[in-house]
Amino acid sequence: MNFTVTPTDTTLGAVITDIDLGTLADDSWADLYQAFLTYGMLIFPAQHLSDEEQGTFARRFGETEQLNPRQEGPHVNISNEKIDGGLAKPGDYQYQLLRGNEGWHTDSTYMPLASKVAMLAAQVLPPEGGETEFADMRAAWDNLTQEEQAHLEKLSAYHSLYYSQEQAGFKHTTDNLYGLHEKGAPLRPIIKVHPETDRKSIYTGRHAYGIPGLAPEESEKMLAALLTEACQPPRVYRHTWSVGDLVVWDNRCLMHRACTYDPKYPRVLRGTRISGDVETELAPTHADERAAGFKPTTSNISPLASSTSIS
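Residues numbered from 1 in each chain as written. Predicted model: local features only at pLDDT ≥ 70, side-chain atom pairs only at ≥ 80, totals over all residues. Heavy atoms only, no water.

## A look at the nonpolar core
- Counting 24 residues, the largest nonpolar core has Leu 32, Leu 42, Phe 44, Phe 57, Phe 61, Leu 246 and Val 248 as the members making the most contacts within it.
- Elements supplying a minimum of two residues to this core: strand E2 (14-17), helix H1 (26-39), strand E3 (41-44), helix H2 (51-59), strand E5 (115-124) and strand E13 (246-250).
- Per-element tally for this core: the top contributor is H1, with 6 residues.
- Every residue in contact with Val 248, bar those within four places of it in the chain, is listed here: Phe 36, Gly 40, Met 41, Leu 42, Phe 44, Phe 61, Val 117, Ala 118 and Met 119. (Core = buried A, V, L, I, M, F, W, Y, C linked by side-chain atoms within 4.5 Å. Buried < 20%, exposed > 50% of the residue type's maximum accessible area, 1.4 Å probe, protein only. Helix = DSSP H or I, 4+ residues; strand = E, 2+ residues; numbered from the N terminus. Contact = heavy atoms within 4.5 Å.)

Have a look at this one:
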């Protein structure tokens, strides 16, 4: 191993130094990927990657995800800067999405094919705030009792950006700009088995709702309690960004959230997501009346109308 690995003081993550991702050799990749699977999240200080270099590195993990038809290249800026040069304000769609991201989540679980890996590179930062927190859902699973584990392994939940934005106080609409919401609400197991490590993790987040077989209130209470307990020290790492940092994490076993900052300052992170594998990250979708473009068929039953669903 020709780079240095320094684990954080939490159950997840490591800082990787003595490496240049822009010129990463193939013989270093195997060791680096093993570290990624071990720690779930890797921090690369002061890389200052170009768009092309970040794209090349991202594609080592798999096929990059297209979040919307207007996305150019493999990246999308997670930013409060608007196209006209101004900053997003309360009431703006862009502002609402960023505020929603302050809730714990896993990327793209509200889409049929969830993301398996994601990365962010810091471009522009506010003078304070705007950190990103990561939570280890492997350790959260390990912290459960055997009875709790056995119970949760039998359960699934629907995932929807409409739901999560409503919970954050906003109304989301289908506009083909941010994700494939017209496909309805995916139904995903609450416990995920990592396809490469075989470790089990809690797999919920802010997009999860409506456990089949439970009343809505009971489901919401259970999911909220599970998420709150899971995202506690020593299972949480907070990354304070410096311009040029790149952080890559495993969506199959971690959750993350943005921390607040003063919106009068710009914050720009260049993001790249890697699509999940069809065998392990693709989920059946079900009718969601909030998804204007979704047309129910005989193989889709609304979770709001029935506690059973057809996959």
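Back to the text.
## So, unusual backbone geometry
- Cis rather than trans, the peptide bond between Pro 233 and Pro 234 has omega equal to 5°.
- Along the chain, the position of Pro 234 falls in the loop between helix H7 (216-230) and strand E12 (236-239).
- Even without being glycine, Ala 46 reaches a positive phi, approximately 50°.
- By secondary structure assignment, the location of Ala 46 is in the loop between E3 and H2.
- Of note, Asp 198 is a non-glycine position whose phi angle comes to about 70°, a positive value.
- Here Asp 198 is to be found in the loop between strand E9 (191-193) and strand E10 (200-202).

## Looking at H7
- Compared with an ideal rise of 1.5 Å per residue, which puts 15 residues at 21 Å, H7 spans 21 Å between its outermost C-alpha atoms and is within 8% of the ideal.
- Turning to H7, its buried residues are Ser 219, Leu 223, Leu 226, Leu 227 and Ala 230. The arc that holds the buried residues of H7, viewed along the axis, is 95°, so those residues lie on one side. Opposite the packed face of H7, turned more than 90 degrees from it, sit the exposed residues Glu 217 and Lys 221.
- The inward-facing, buried residues of H7 abut helix H4 (137-142), helix H5 (146-152), strand E7 (156-159), E10, strand E11 (208-209) and strand E14 (254-258). (Expected span 1.5 Å × (residues − 1). Arc of directions from axis to C-beta.)

## Considering the sheet that holds strand E4 (residues 75-79)
- In spatial order, the strands read E1-E2-E3-E13-E5-E15-E4; together these 7 strands make up an open sheet with mixed pairing. Each end of this open sheet is capped by a strand with a single partner; those strands are strand E1 (4-7) and E4. The average angle at which neighbouring strand axes cross in this sheet is 25°, direction not considered.
- Across the sheet, H1 is in contact with E1, E2, E3, E5 and E13; its angle to E3 comes to roughly 125°.
- Relative to the sheet, H2 contacts E3, E4, E5, E13 and strand E15 (268-275), its axis offset from that of E15 by approximately 30°. (Pairing = 2+ DSSP bridges. Axes fitted to C-alpha atoms, helices over the stretch in contact; angles between N-to-C directions.)

## Looking at the packing of aromatic side chains
- Taken as a whole and judged by the stated rule, the model has 11 aromatic pairs.
- Taken together, a centroid distance of 4.9 Å and an interplanar angle of 90° make the contact between Trp 29 and Phe 61 edge-to-face. You can see Trp 29 sitting in helix H1 and its partner Phe 61 sitting in the loop between H2 and E4, a full 32 residues away along the chain. The burial state of Trp 29 is the same as that of Phe 61; both residues are buried.
- Here the aromatic cluster, defined as three or more aromatic residues joined through ring pairs, consists of Trp 29, Tyr 33, Phe 36, Phe 44, Phe 57 and Phe 61.
- The ring of Tyr 203 carries Lys 192 above its face, with NZ or CZ at 5.2 Å from the centroid. (Phe/Tyr/Trp six-rings, centres within 6.5 Å; stacked < 30°, edge-to-face > 60°. Lys NZ or Arg CZ within 6 Å of the ring centre and 35° of its normal.)

## Digging into the side chain of Thr 8
- Within the element layout of this structure, Thr 8 appears in the loop between E1 and E2.
- Accessibility expressed as a relative area gives 14% for Thr 8, which makes it buried.
- A polar atom in the side chain of Thr 8 sits 2.8 Å from the side chain of Thr 10.
- Sequence-distant contacts of Thr 8, that is, excluding residues within four places in its chain, are made with Gly 13, Ala 14, Ile 43 and Tyr 237. (Polar contact = N/O pair within 3.5 Å; in protein donor to acceptor, adjacent residues only side chain to side chain.)

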